[in-house]
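Structural overview for review
Below, each chain spelled out in residue letters.
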Amino acid sequence: MSRFVYFLLISNMIANLIASSPRILFGKSEEGAIVTMIIALFFGVFINWVLITFFKAFPGKSLPHILSLYLSKWIAIPTLFILGIVWYVSGMQTLITYIDILLRFITPEMSVYLIIAMFIPVITFGVIMQSRNILFTLELVFVLSFPVAAYYVVKLYFSEQVSWNHVAIAMTFIDNPPDYTVFSTVTYLFVGAFDIIIFNSLLKKKMTFGIKQALIIFILGAFAIFTTYFIPIGVLGFDQVESILYPWILTSDSIRMKFGVIERVIFIFLLLLLAIAFLNITIHWHVACKLFQSAFGIEQLKIKLREKISLGIVVVVFWSIAIYTTLKVTEYDLFLYSKYYFNSIPIILIGLMVLMLVVNRRAKV
Amino acid sequence: MSMDETTSHTEPPAYFTRLAKRLEPTSDIVKKTLKSKDRIVHLLYLKSVVDIMQLQEIVVKPFYEMSADQNFAEYIFSLPYETKMPTGDEEVLIEITKGNVFVMIDKQITLLELKVVAANAVQEAIMEPTIHGPQLGLSESIETNINLMRQRYHKPSLIIEPIQLEDISNRDIALIYDGEKVKPHLLKKIRARILTLDVELVQASGDLQYYLNNKKYSLFPTSLLTERPDRILHNMAGGKVIILVDGSPHAIIAPTTFFDFMLSMEDAYYSFWVVTLIRFLRYAGLFTCIMLPAIYVGVTSYTPEVLRSELALTVAASRIGVPYPSFIEVFFMLIFIELLTEASMRLPNSISATATTVGGLILGTAAVEAALTSNIMVIVVSLVAISTFVIPISEMNYAVRVCRFLLLVYTTLFGIAGMMLGMLGLLLYLVNKDSFGEPYLRMFWKNRREELEADDS
């Protein structure tokens, strides 16, 4: 498996820390969160296995290309369109959440328009960039932020504030029946690798998915789930954690670096997450952009100018919807809609996998 | 020189006269006809570029010393100085202006390369000095430079490919590469780029590099100018192409990546841990000089709570009495330091020391005392100025200085989060850039096969 697939996977896992997912999990902490997380962990590895096994057969081809080869237009175009919306909303959800966090924690006096204006040029540039370069940026940001991230994680786990008793209390709720919302939220942690439906056109080398790869994803996922769920419970306490809007930010803020120039870990956390969240938005929107372009058959247009115009239209539409939604949506709405969005994810994934199965059969004939 | 002048009854042939006419009325043209009993040889050359002693030694003397039964034409054509005879008058004339001697024996013609170059002294490496490693750089003569390459790289696959540029000076340009290591499509691309250049006059490697860049508005250099033979060889061994321009003591290396600009040749001459430390310092310097002014603005004007409270108070206390917001202070001081750098670079050595002292020490202290700027700002600016000079290649140095201002503007508008996004934007810009089709910035893992191909869209 290409290292870029892992990067995509990890970036999605990290970006979810700031989204609504931890809050959804804590809301269900007495209603089957734990057993569902274990189920979802296996399901997450399973969907990655299906994904990689499917694309293994088509090295160097993106999903739109594959669909156009083996399926009728009447199925391919709506599929691409729906997937485009899913990916777009995914990016937008991260964007709105982050803008909200900026307004609340870093620059409270700034107007929301100014904060949106800050994102527009950089994200637009990222979205219209070549796919190859987006992956390179992702890798660079990972390398640059790895030391800080590693320090942060170590600091978290060895912090005196973490009360492992509370973690143990949370673990006692293992016997509750599973819950669908938790399942879909945790499943969402694993969909990062699905970005290769577009990026696969760059991965010319044949991928393999054996025990080793499955184990890596399993460990990554287990670590991500454990950290996302149990560390805030340990820091903030099992009873209180569900009433907090952004549990991860408060968790970070309760840790301090005694001898650091920067005393509060929260700023390191927020700036680090800004980088990851930004990349996550860029990647998702880039994928969405490519999906829409192929859904509308723009790939067929050979004239460079028209391609540019279509790209411009997509970007303008993306931003118009994003700005409108950012201004309209309240924190409660965001939480509610994120929940709806997460709930739809497993269904869409299963639909996509069935489609992959069909394509695979046709390709073999 | 002792030889007979042309006498009237041996008229030079028409072709010879035609060429000579084209070169007139320049004063350094010499038309000579060597004549003995049964032989006549016509010579045409420019005495300012031809080695007269050599000409005397290998053409004139043998002409008169050779006995009648020996064939003088055979002798001339066997000389190792011969250059390829181009077709067309214009090309022949260009060869003559380069320092070739046009020789005509009966109906046979040839060109002998007997050029003399005054500026062929190898110069000391000034811009990229190292403690170990070669102390001398290149010279201003292309032959000497090629000689320097050959002296250090004994391999039959070292290929020197001359290119004639279509500008008015007809300057010699040479592509130098290791035929075994270079990527063929890259070589083709660079050659095509040079051949399609539409410029009036190329003076040196510097402007050729600018024209090769092919973009009017670009910030970061996509090819590297160097004066060090060891850097040239280091890059050539890595499969890159070197472009030499006659008359310029710098070579162009293409394509380049961002990391090439952060490499000092010194790195090759020290032990591993020392080099690791130096590299770490260099990259720390790079980040400092780009981000520090922006951090200062972000932290003082937007989010002072980022710093630990003692430090935040120190910064605030230092700014007491400064009558304007932090971004004006930073812009003011940065422009001041840029002026100082520029001034000390252009001034003669003896005066520049005075200018730096007056500007840096006296003005800096006075500005703080007059409460026009804070003490900490002076420290920030000095730190920024020093860390800028850690970047080994001066073109990257300039680009980084511009970046610093752009990032400062973004931070001034959007605060500390703006700084982070601005840095990411810079990263995106650099990653999206390419140098002759090769990615400019990415992680280069050693010994790893290329996993990602360039996508077509």
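For the structure given in this document, a descriptive report is provided here. Treat the numbers as computed from the prediction; the structure is a model and nothing was measured.

1. Notes on the overall build of chain A
The helix and strand inventory of chain A stands at 15 helices and zero strands. The C-alpha radius of gyration computed for chain A amounts to 20 Å, which stays within 12% of the reference 21 Å derived for 365 residues, consistent with globular compactness. Each principal axis of the C-alpha atoms in chain A carries an extent, and together these give about 60 × 45 × 35 Å. A fraction of 87% describes how many contacts in chain A between residues 6 or more apart in sequence connect residues 24 or more apart.

2. Focus: the overall build of chain B
Within chain B, the secondary structure is distributed over 14 helices and 12 strands. Counting only C-alpha atoms and orienting by the principal axes, one finds that chain B spans roughly 100 × 55 × 40 Å. By the burial criterion, 32% of the 457 residues in chain B qualify as buried. When contacts within chain B are restricted to residue pairs at least 6 apart in sequence, long-range pairs at least 24 apart make up 65% of them.

3. What about the pairing of strand S5 (residues 108-113) of chain B?
Residues and elements named next belong to chain B. Direction of pairing for strand S3 (residues 82-83) relative to S5: antiparallel, over a ladder of two bridges. The residue of S5 that forms the bridge with threonine 83 is leucine 111. As judged from the six bridges shared by strand S4 (residues 100-105) and S5, these two strands associate in the antiparallel manner. Residue pairing for S5: valine 101 is matched across the bridge by leucine 112. Linking S4 to S5, which pair antiparallel, is a turn of two residues; within it aspartate 106 sits at a positive phi near 55°.

4. Let's talk about the sheet that holds strand S9 (residues 241-245) of chain B
What links the strands of a sheet is backbone hydrogen bonding, and the strands pair in either a parallel or an antiparallel sense. Residue and element names in this part refer to chain B. Reading across the sheet, the five strands line up as S6-S7-S9-S10-S8 and stay open at both edges, with antiparallel pairing between neighbours. Each edge of the sheet is formed by a strand with only one pairing partner; in this case those strands are strand S6 (158-164) and strand S8 (224-226). In this sheet, adjacent strand axes meet at a mean angle of 25° when their direction is disregarded. The pairing of strand S7 (residues 172-178) with S9 spans four bridges and is classified as antiparallel. Directly across from alanine 174, in S9, lies its bridge partner leucine 244.

5. Notes on the packing of helix H6 (residues 112-128) of chain A against helix H13 (residues 265-295) of chain A
Working note: a packed helix pair is described by the angle between its axes plus the distance between those axes. Residues and elements named next belong to chain A. In the contact formed by H6 and H13, the axes pass within 8 Å of each other and the chain directions differ by 45°. On the basis of the axis angle, H6 is oblique to H13. H13 is crossed by H6, and the crossing has right-handed handedness. Touching Ile123, Gly126 and Val127 of H6 are Phe278, Ile281, Thr282, Trp285, His286 and Cys289, all from H13.

6. Description of the nonpolar core
A:Leu274, B:Ile242, B:Ile243, B:Leu407 and B:Met420 are the most contacted members of the largest nonpolar core, which has 192 residues in total. In terms of residue count, the dominant contributor to this core is H13(A) (23 residues). Taken domain by domain, the makeup of this core includes at least three residues from each of domain 2 (142-256) and domain 3 (269-439) of chain B. Apart from the residues within four sequence positions on either side, B:Ile243 is in contact with B:Ile173, B:Leu175, B:Leu208, B:Ala251, B:Ile252 and B:Ala254. Membership of the second largest hydrophobic core comes to 18 residues, among which are B:Leu19, B:Leu46, B:Val50 and B:Leu114.

Calculation notes
Residues numbered from 1 in each chain as written. Chains lettered and ligands numbered in written order. Predicted model: local features only at pLDDT ≥ 70, side-chain atom pairs only at ≥ 80, totals over all residues. Helix = DSSP H or I, 4+ residues; strand = E, 2+ residues; numbered from the N terminus. Rg over C-alpha atoms; globule rule 2.2 N^0.38 Å. Contact = placed C-beta atoms within 7 Å. Buried ≥ 20, exposed ≤ 12 C-beta atoms within 10 Å, placed from the backbone. Pairing = 2+ DSSP bridges. Axes fitted to C-alpha atoms, helices over the stretch in contact; angles between N-to-C directions. Parallel < 35°, antiparallel > 145°, perpendicular 65-115°, else oblique. Left-handed = near helix turned anticlockwise from the far one by under 90°. Core = buried A, V, L, I, M, F, W, Y, C linked by C-beta atoms within 7 Å. Domains from an automatic or database assignment.

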